[in-house]
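# Understanding the architecture of this molecule
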2 protein chains.
Amino acid sequence: MKKISVDLKIIGVVHSLYKTISDAPIRGKNEISEIKLDRDYLEGLQDIEGFTHLHILYWLHKSSDFSLLVKTPRDTIPHSVFSTRPPHRPNPIGHAVVELVERKNNKIIVKGLDAIEGTPIIDIKPYVKSLDVKDDASSGWLKKGI
Amino acid sequence: MKKISVDLKIIGVVHSLYKTISDAPIRGKNEISEIKLDRDYLEGLQDIEGFTHLHILYWLHKSSDFSLLVKTPRDTIPHSVFSTRPPHRPNPIGHAVVELVERKNNKIIVKGLDAIEGTPIIDIKPYVKSLDVKDDASSGWLKKGI
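Residues numbered from 1 in each chain as written. Chains lettered and ligands numbered in written order. Predicted model: local features only at pLDDT ≥ 70, side-chain atom pairs only at ≥ 80, totals over all residues. Heavy atoms only, no water.

## Structural notes on the overall build of chain A
The test is simple: Each helix corresponds to a stretch of at least 4 residues labelled H or I by DSSP, and each strand to a stretch of at least 2 residues labelled E; elements are numbered beginning at the N terminus. This radius of gyration counts C-alpha atoms alone. The globule rule is 2.2 Å times how many residues there are, raised to the power 0.38. Burial classes: relative accessible area under 20% of the type maximum marks a residue as buried, over 50% as exposed, and values in between as partly exposed (1.4 Å probe, protein chains only). A contact between two residues is defined here by any heavy atoms of the two lying within 4.5 Å. Only the protein chains shown count as covering a residue, and every accessible area follows the Shrake-Rupley method with a 1.4 Å probe. Counted as positive: Lys and Arg. Counted as negative: Asp and Glu. His and the chain ends are not counted at all. For this purpose, a charge sits on NZ of Lys, CZ of Arg, CG of Asp or CD of Glu.
Helix and strand counts for chain A come out as one helix and nine strands. When the helices and strands of chain A are listed from N to C terminus, the series reads β-β-β-β-β-β-β-β-β-α. What you see for chain A is a C-alpha radius of gyration of 16 Å, in line with the 15 Å of a compact globule of 146 residues. Dimensions along the principal axes, computed over C-alpha positions, put chain A at roughly 45 × 35 × 30 Å. Per-residue burial for chain A yields a buried fraction of 55% across its 146 residues. Pairs at least 24 residues apart make up 76% of the contacts formed inside chain A by residues separated by at least 6 positions. Only carbon and sulfur atoms are counted for the fraction: they give 50% of the accessible area of chain A, which is about 6,400 Å². When the 22 basic and 19 acidic side-chain charges of chain A are each reduced to a single mean position, those positions are 5 Å apart.

## A look at the interface of chain A and chain B
For clarity, the threshold we go by: When two components associate, each loses some accessible surface as probed by a 1.4 Å sphere; the sum of these losses over both components is called the buried area. Here a salt bridge means any side-chain nitrogen of Lys or Arg lying within 4 Å of a carboxyl oxygen belonging to Asp or Glu. Distance and chemistry together define a polar contact, namely a pair of N or O atoms within 3.5 Å, with one atom able to donate a hydrogen and the other to accept it when in protein, and with adjacent residues in sequence counting only for side-chain atoms on both sides.
In this assembly, 71 residues from chain A lie in contact with 70 residues from chain B. Of the roughly 7,200 Å² buried between chain A and chain B, counting both surfaces, carbon and sulfur atoms make up 60%. At the junction of chain A and chain B, the tally comes to four salt bridges. A salt bridge links aspartate 132 of chain A to arginine 85 of chain B; the shortest N-O distance between them is 2.3 Å. Inspection of the chain A/chain B interface yields 39 residue pairs in polar contact (both at pLDDT 80 or more). Those elements giving two or more residues to the side of chain A that touches chain B turn out to be strand S1 (3–9), strand S4 (53–59), strand S7 (93–104), strand S9 (120–126) and helix H1 (129–132) of chain A.

## Observations regarding the sheet that holds strand S2 (residues 12–15) of chain A
All names here are of chain A. Note the following rule: Two strands are said to pair when DSSP picks up at least two bridges between them. Inter-axis angles, ranging from 0 to 180 degrees, are taken between N-to-C directions of lines fitted to C-alpha atoms, where helices are fitted over the stretch in contact.
Strand order around the closed barrel formed by six strands is S2-S3-S8-S7-S4-S9, with antiparallel pairing between neighbours. Between one strand axis and the next, the sheet turns by 45° as a mean value, whatever way the strands run. As judged from the five bridges shared by strand S3 (residues 32–37) and strand S8 (residues 107–111), these two strands associate in the antiparallel manner. Bridging across to S8, isoleucine 35 finds its partner in isoleucine 108.

## A few points about the sheet that holds strand S4 (residues 53–59) of chain B
Residues and elements named next belong to chain B. Taken together, the six strands give a closed barrel; going around it, the order is S2-S3-S8-S7-S4-S9, and neighbouring strands pair in antiparallel fashion. Neighbour-to-neighbour, the strand axes of the sheet open up by a mean angle of 45°, direction not taken into account. Two strands pair when backbone bridges link them, and S4 and strand S7 (residues 93–104) are joined in this way by seven bridges, in the antiparallel orientation. Across the sheet, the residue bridging to isoleucine 56 is alanine 96, located in S7.

## Details of the relation of the copies chain A and chain B
Threshold: The atoms used to superpose the copies are C-alpha atoms, taken from residues with pLDDT of at least 70 in both, and the fit is least squares.
With an axial shift of 0.0 Å and an RMSD of 0.0 Å, the rotation relating chain A to chain B amounts to 180°. On the angle and the small slide along the axis, the relation comes out as a two-fold axis.

## Overview of the nonpolar core
As a rule of thumb, soluble globular proteins bury nonpolar side chains together. Selection rule: Each nonpolar core is a collection of buried residues, namely Ala, Val, Leu, Ile, Met, Phe, Trp, Tyr and Cys, held together in the definition by side-chain atoms within 4.5 Å.
Ranked by size, the top nonpolar core spans 29 residues in total, and within it Phe82 of chain A together with Leu54, Ile56, Tyr58, Leu113, Ile121 and Ile124 of chain B carry the most contacts. Within the second largest apolar cluster, 28 residues are counted, among which are Ile35, Leu45 and Leu131 of chain A together with Val81 of chain B.

## Some remarks on the pairing of S7 of chain B
As judged from the five bridges shared by S7 of chain B and strand S8 (residues 107–111) of chain B, these two strands associate in the antiparallel manner. Bridging across to S8 of chain B, arginine 103 of chain B finds its partner in isoleucine 108 of chain B.

## Section: the side chain of threonine 119 of chain B
Its place among the elements puts threonine 119 of chain B in the loop between S8 and strand S9 (120–126). A polar side-chain atom of threonine 119 of chain B sits 2.7 Å from the main-chain carbonyl oxygen of isoleucine 116 of chain B.

## Overview of the pairing of S4 of chain B
Residues and elements named next belong to chain B. Within S4, seven of the seven residues are buried, which leaves it mostly tucked inside the rest of the structure. By the alternation rule, side chains of S4 split into His53, His55, Leu57 and Trp59 and Leu54, Ile56 and Tyr58, which are all buried. Direction of pairing for S4 relative to S9: antiparallel, over a ladder of five bridges. Its bridge partner lying in S9, isoleucine 56 is registered against isoleucine 124.

## Focus on a negative patch on the surface
Put simply, the rule reads: Grouping into patches uses exposed residues only, defined as over 30% relative accessible area, and leaves out salt-bridged ones; the cut-off is 9 Å for like charges and 5 Å for nonpolar side chains (Val, Leu, Ile, Met, Phe, Trp, Tyr).
A cluster of acidic side chains, namely Glu99, Asp135 and Asp136 of chain A together with Glu99, Asp135 and Asp136 of chain B, defines a negative patch on the protein surface. Mapped onto the elements, aspartate 135 of chain B comes out in the segment after helix H1 (129–132). A residue is classified by how much of its surface remains accessible, and aspartate 135 of chain B, at 41% relative accessible area, is partly exposed.

Structure follows, in structure tokens:
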């Protein structure tokens, strides 16, 4: 297995009501969290409030090992790791599309980020309809959503 | 600036018509590429072909330094890095929503991956309408898409 050794920059940290993994709901959608950006990156947020939705990438720091087949709460049989979104993955990178509720200086209040307290944020990208909305998408075994 | 030192696993590699950054179009949408998964992860692709769209995360291995304000081809004034999608970012992680055209064993043919030849793939996640489609999204300064 090939690897790349990198230093990931922690651009910010999540503040959430969920303090531990067992506190967090399974793919809850409506939780409000705060992303507190490191002030070194503040200029990188300029005009972000013009976007209603963002992609958030985060490092799943509590994730340990992974399996290629995963038992999820949504089915009785296991499914493959790349056709599911469990936190235990070959690279523990979380991704969520969130609603941007409010920005206050280096703090962004978001809705729908399923990350626990203290989770390191590694990237923020704008959600753009022309690139990200796939209305005709079909979700394999997961017809009802995760 | 805080950092985490990690070994990212290269789960696969992109084969693209675009051999260098200068070959690649600006956010082209219709290119066909192949993701060749490392055979060690093959079981992790099981039943992936049931999904029409995927999120692909990749390591922008040719990205060098970054700026917090970026001049993009879409506007005459600079915009902040987290409200744009240039490859030069604090953490050079690319994200694209792609169409899954075909799977052949450990190879996935996809449409819409703006990554050059040899780009390391670090995660594949299923695109799920109930989580990822935000029809009411508004795109800030980028009203026409990136």
